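Given next are the chains, with one letter for each unit.
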2 protein chains.
Amino acid sequence: MPYFDAASAAPLHPVARQALLASLDEGWADPARLYREGRRARLLLDAAREAAAEAVGCRPDELVFTPSGTRAVHAGISGSLAGRRRVGNRIVVSAVEHSSVLHAAESHAAAGGAVTEVPVGRTGAVDADVFAAALDAGAGGDAGTAALACLQSANHEVGTEQPVAEVAEACRAAGVPLLVDAAQSLGWGPVEGGWSLLAASAHKWGGPAGVGLLAVRKGVRFAPQGPSDERESGRAPGFENLPAIVAAAASLRAVRAEAAAEGARLRALVDRIRARVPELVPDVEVVGDPVRRLPHLVTFSCLYVDGETLLHELDREGFSVSSGSSCTSSTLTPSHVLRAMGVLSEGNVRVSLPAGTAEEDVDRFLDVLPVVVAGVRERLGAPATSPAAAAGPDSLVVDALGRRCPIPVIELAKVIGDVPVGGTVTVLADDAAARLDIPAWCEMRRQEYVGESPAAGGGVAYVVRRVN
Amino acid sequence: MPYFDAASAAPLHPVARQALLASLDEGWADPARLYREGRRARLLLDAAREAAAEAVGCRPDELVFTPSGTRAVHAGISGSLAGRRRVGNRIVVSAVEHSSVLHAAESHAAAGGAVTEVPVGRTGAVDADVFAAALDAGAGGDAGTAALACLQSANHEVGTEQPVAEVAEACRAAGVPLLVDAAQSLGWGPVEGGWSLLAASAHKWGGPAGVGLLAVRKGVRFAPQGPSDERESGRAPGFENLPAIVAAAASLRAVRAEAAAEGARLRALVDRIRARVPELVPDVEVVGDPVRRLPHLVTFSCLYVDGETLLHELDREGFSVSSGSSCTSSTLTPSHVLRAMGVLSEGNVRVSLPAGTAEEDVDRFLDVLPVVVAGVRERLGAPATSPAAAAGPDSLVVDALGRRCPIPVIELAKVIGDVPVGGTVTVLADDAAARLDIPAWCEMRRQEYVGESPAAGGGVAYVVRRVN
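Draft legend 1. Broad picture of the overall build of chain A. A count of helices and strands for chain A gives 12 helices and 14 strands. Taken over the C-alpha atoms alone, chain A extends approximately 85 × 55 × 35 Å along its principal axes. Counting every position in chain A, which comprises 468 residues, the buried fraction comes to 57%.

As structure tokens, then:
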């Protein structure tokens, strides 16, 4: 039963399991105590910190263990913003950061701080020059000097690597600390460049749940927020999750030892998916950078497909994948990453291969996917690829109010052939995905997206001109 | 090798180990995902929440899992203070709460909030009427209405149970929510009374590290602080520490099943220690309530003994215990609990027996302790019990500036016989423990403690009158 959602949580690495078991017996006591059980726990904690610091590329006293990657991000952002309060009150983030970063930025804004969001291109990467420009005091308008910048090492939804080293250099030149969310990449290698803070999460590399890392370089101003606590240099309150910390450090070392070979193998499998999916499935957009990307992750969107049904059908066939479609989330909005990239969100599938994924399983996925997509499309009454010859009036209005993705796009596609070339179709819709998916459909179909305006009866009117 | 520090961290219960192992295979995936691995994880999480809620005595949807007891306390306090911001800005805490509660209160004060600390008596318990009075709007002076009250179920250093049910009733009458820190007692039984919030920590009952509980009763105003997150009802951000959560819930159920029998057995062993230590070791003060107490915990202080040396010697003999003496901590101040109780802090030893402690180990401890204490006293040059007949001048000054506990008290005891009955000894000291231990010595020796004043050359002058 192939599990293809390593980017959510990787199955526990055998070394993590082994280290966890061993340290359950040796590492349950309080490492702050001086008796033998405490000293043993302290030795394990110190060794884990050294191993993790070596893998991160920092000094052991620069690294603390947190209860999760999310908590590492929250603590890193709040601590460095507080440490630089006198310098400025603005945080600069890319538009495609993990929700933990964006939520921390929202929380900063709610407390009166300023946030600058750096846009990304169609591959999901920021432009280093655009990021650098956002660091300028003038870039924030009245908001002023940037106190902190945040950029992920690689995107969690589409796998695109960010130009971290160049952005770090720009941050250094501007005197702004850079926090790198390395959650998706740390198992594959250290983050290059002169970052100031780094956060990561053990369960993403095959370590156990309950462990994150926060590294804060010496010299970076940092004032931990929240109630004080003596553990983990005052940066992560609460009793240390020691056996899990030991397992996290041991498995990071183990996955790193395998990273070059396994990365190359998975990269080839992902290349195969990237090449074959558009050949096997009509009307698919493969997104993310084809080269500058994580080795194990690929994302594509299928026109005229309901993401939730697609995931359900794939699950029935034994494949566990995730999706950034709004139709699979409870928020009714498509993934902020796909939105920032301006790519199709309907029928979105993220495949992230865990270490050890068998080639046969990937091939079987490529066999199953076209059948499943065709089945979903048939049930939804998705139209054929090419519009019929012109027939009807010069303009048509399609009322898709109250209908969820992918229906508004399907209704558009059904009638585009009814207007002559030069004619328009107006789609009335109130589903948030339409704003992303109607322009994306136009791009894929080479039709002209004219624009949107508020609809009289509520919702939005999206206008499309038939040009072929 | 007997480990007698269960109040710091209990050794992992066999059921916790077993549940942890089983759920490493079944519970590593993201419980928010809809594929089979995610659904399996969700089932485990839901079952753990139901089991824990049953043990706590609340509804499953009132309980969330946090990364530690400390984080549960922090989240509980900040969330309920924020939820009641419009009502008031004052928190009422007992003087002997765990540092996680007191640090959260300090953090509240630093942000402009008010804190009322309710004193305790010599056994370490608050008086319910005194606590109730502190809830009154007038009690805070200008600080006004109480927004939240915090009271532990039982004290972590001396084992004394607090009158939680009575205080909960007073809180209900005053319309103030009560947060109970049940970290030390939850393994022994549910907290009685109408509390509003409850926090606990799994590694205190034999569960794994990395898991705390926070229960918030329906109807309690609660506004989670910090960046938002969808997990755990928005009250505990970050990926769930699932295998550990499963182990925590399973072991709570297991220790509860054993609690009545094991509690009675340990209570008898602790009674033996409470009775025998003062018989075997001269000049000892056993502290805490002898009856209304945790079954497994006893604390005593030994006059003229350096706590750090004592712990070291006991460790060499194979006994792991902890201490609230300032001479064993890095803060140079004695435990805030002993200070609030007004009892002797030097030579302090806390014995907390884990489940399954063998009777023979307790007996061997009682054999070893007198020898160890006598050895430490001999090396420190501690004086004999009774002062010699009067001999010297009417008043003496002892300069113990720069000397750490227990030296100032030892120097006092050495010369008290040199002044006649009615004469005074003035001890100059700058060690924080002297403020607690010199009056405590007077009480034990039935001498008169006259008072303190600032000393000319820095430090404090403590005046003692010989009355026998």
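Draft legend 2. Expanded view of the domain arrangement of chain A. Residues and elements named next belong to chain A. For chain A, the assigned domains are domain 1 (14–223 + 238–255), domain 2 (273–380) and domain 3 (395–465). Computed from C-alpha coordinates alone, the two centres of domain 1 and domain 2 are separated by 29 Å. Taken together, the contact pairs 20 residues of domain 1 with 19 residues of domain 2. In terms of residue class, the side of domain 1 that touches domain 2 is made up of nine nonpolar, eight polar and three charged.

Draft legend 3. The relation of the copies chain B and chain A, seen in detail. The transform that puts chain B on chain A rotates by 180° and translates by 0.0 Å along the axis, for an RMSD of 0.0 Å. The transformation relating the two chain copies, once decomposed into turn and shift, fits a two-fold axis. Taking C-alpha positions as reference, the residue of chain B nearest the rotation axis is Pro67(B), located at 3.0 Å.

Draft legend 4. Up close: the interface of chain B and chain A. Each partner contributes to the interface: chain B provides 47 residues, whereas chain A provides 47 residues. For the side of chain B that touches chain A, the secondary-structure elements that each account for two or more residues are α1 (14–26), α2 (36–56), α3 (69–83), α4 (99–110), α7 (242–280) and α8 (307–316) of chain B. For the side of chain B that touches chain A, the element with the most residues is α4(B), which contributes five residues.

Draft legend 5. Examining helix α1 (residues 14–26) of chain A more closely. Helix length check: α1(A), at 13 residues, gives a terminal C-alpha distance of 19 Å against a target of 18 Å (1.5 Å per residue), a fit within 8%. Among all positions in α1(A), only Ala16(A), Arg17(A), Ala19(A), Leu20(A), Ser23(A) and Leu24(A) are buried. Buried positions in α1(A), seen along its axis, are confined to an arc of 165° and lie on one side of it. Exposed residues lying more than 90 degrees from the buried face of α1(A) are Pro14(A) and Asp25(A). On its buried face, α1(A) is in contact with α2 (36–56) and α7 (242–280) of chain A together with α1 of chain B.

Draft legend 6. Molecular detail of the environment of Val281(A). Residues and elements named next belong to chain A. Counting through the fold element by element, Val281 comes out in the loop between α7 and β8 (284–287). Between the alpha carbons of Val281 and Arg90 there is a distance of 45 Å; along the sequence they are 191 residues apart. With near-sequence residues (within four places) excluded, Val281 lies in contact with Cys302, Leu369, Pro370 and Val373.

Draft legend 7. Region of interest: the pairing of strand β3 (residues 114–118) of chain A. Residues and elements named next belong to chain A. Burial of β3 is one-sided: the residues Ala114, Thr116 and Val118 facing one way are buried, the residues Val115 and Glu117 facing the other way are not. The pairing of strand β2 (residues 90–94) with β3 spans five bridges and is parallel. Counted as the bridge partner of Arg90 is Ala114 from β3. At this point the chain moves from β2, through helix α4 (residues 99–110), to the parallel β3, and the crossover so formed is right-handed.

Draft legend 8. A look at the sheet that holds strand β12 (residues 424–429) of chain B. Residues and elements named next belong to chain B. Pairing in this open sheet of four strands is mixed, and the strands run β11-β12-β14-β13 from one edge to the other. One side of each edge strand has no neighbouring strand; the edge strands of this open sheet are β11 (395–399) and β13 (448–454). This sheet shows a mean twist of 20° between the axes of neighbouring strands, independent of strand direction. The pairing of β12 with strand β14 (residues 460–465) spans six bridges and is classified as antiparallel. Each bridged residue has a counterpart across the sheet, and for Ala429 the counterpart in β14 is Val460. Each of β11, β12 and β14 is contacted by helix α11 (residues 407–415), which is oriented at about 160° to β12, the strand it contacts most.

Draft legend 9. Here's a closer look at the confidence of the model for chain A. Here chain A shows a mean pLDDT of 94. Residues at 70 or above account for 96%. Interface predicted TM-score (ipTM) for the complex: 0.93; the corresponding pTM is 0.94.

Draft legend 10. Spotlight on the packing of helix α5 (residues 128–135) of chain A against helix α6 (residues 164–174) of chain A. All names here are of chain A. Remark: α5 packs on α6, axes separated minimally by 9 Å, with the N-to-C direction vectors making an angle of 25°. With respect to α6, the axis of α5 lies roughly parallel. The way α5 lies across α6 gives a crossing that is right-handed. Residues Ala128, Phe131, Ala132 and Leu135 of α5 form the contact with α6, whose participating residues are Glu166, Val167, Ala170, Cys171 and Ala174. Taken together, the residues that form the contact of α5 with α6 break down as eight nonpolar, no polar and one charged.

Draft legend 11. Spatial organisation of the environment of Val73(B). Relative to the elements of secondary structure, Val73(B) occurs in helix α3. The contact partners of Val73(B), leaving out residues within four places of it in the chain, are Ser100(B), Val101(B), Ala104(B), Asp181(B) and Ala199(B).

Draft legend 12. Region of the structure containing the sheet that holds strand β5 (residues 178–181) of chain A. Residues and elements named next belong to chain A. Strand order across the open sheet formed by seven strands is β1-β7-β6-β5-β4-β2-β3, with mixed pairing between neighbours. Either end of the sheet is taken by a strand with one partner, and the two such strands are β1 (63–66) and β3. Strand after strand, the sheet turns through a mean of 20° between neighbouring axes, direction not considered. Sheet topology places β5 next to strand β6 (residues 197–201); three bridges connect them, and they run parallel. From the neighbouring strand, Val180 faces β6, where its bridge partner is Leu198.

Draft legend 13. View of the nonpolar core. Among the nonpolar cores identified, the biggest contains 311 residues, and Ala199(A) and Ala199(B) are the most heavily contacted of them. Excluding residues within four positions of it along the chain, Ala199(B) makes contact with Gly69(B), Ala72(B), Val73(B), Gly76(B), Leu179(B), Asp181(B), Ala182(B), Ala183(B), Gly212(B), Leu213(B) and Leu214(B).

Draft legend 14. Quick look at unusual backbone geometry. That bond from Cys405(A) to Pro406(A) is cis: its omega, 5°, falls within 30 degrees of zero. For Pro406(A), the position within the fold is in the loop between β11 (395–399) and α11 (407–415).

Draft legend 15. Main features of the environment of Cys171(A). Note that Cys171(A) resides in helix α6. Aside from chain neighbours lying at most four places away, what touches Cys171(A) is Leu135(A), Ala149(A), Val176(A), Pro177(A) and Leu178(A).

Calculation criteria
Residues numbered from 1 in each chain as written. Chains lettered and ligands numbered in written order. Predicted model: local features only at pLDDT ≥ 70, side-chain atom pairs only at ≥ 80, totals over all residues. Helix = DSSP H or I, 4+ residues; strand = E, 2+ residues; numbered from the N terminus. Buried ≥ 20, exposed ≤ 12 C-beta atoms within 10 Å, placed from the backbone. Domains from an automatic or database assignment. Contact = placed C-beta atoms within 7 Å. Nonpolar A, V, L, I, M, F, W, Y, C, P; charged D, E, K, R; others polar. Least-squares fit on C-alpha atoms with pLDDT ≥ 70 in both. Expected span 1.5 Å × (residues − 1). Arc of directions from axis to C-beta. Pairing = 2+ DSSP bridges. Right-handed = clockwise from strand over helix to strand, strands pointing away. Axes fitted to C-alpha atoms, helices over the stretch in contact; angles between N-to-C directions. pLDDT = per-residue confidence, 0-100. Parallel < 35°, antiparallel > 145°, perpendicular 65-115°, else oblique. Left-handed = near helix turned anticlockwise from the far one by under 90°. Core = buried A, V, L, I, M, F, W, Y, C linked by C-beta atoms within 7 Å.

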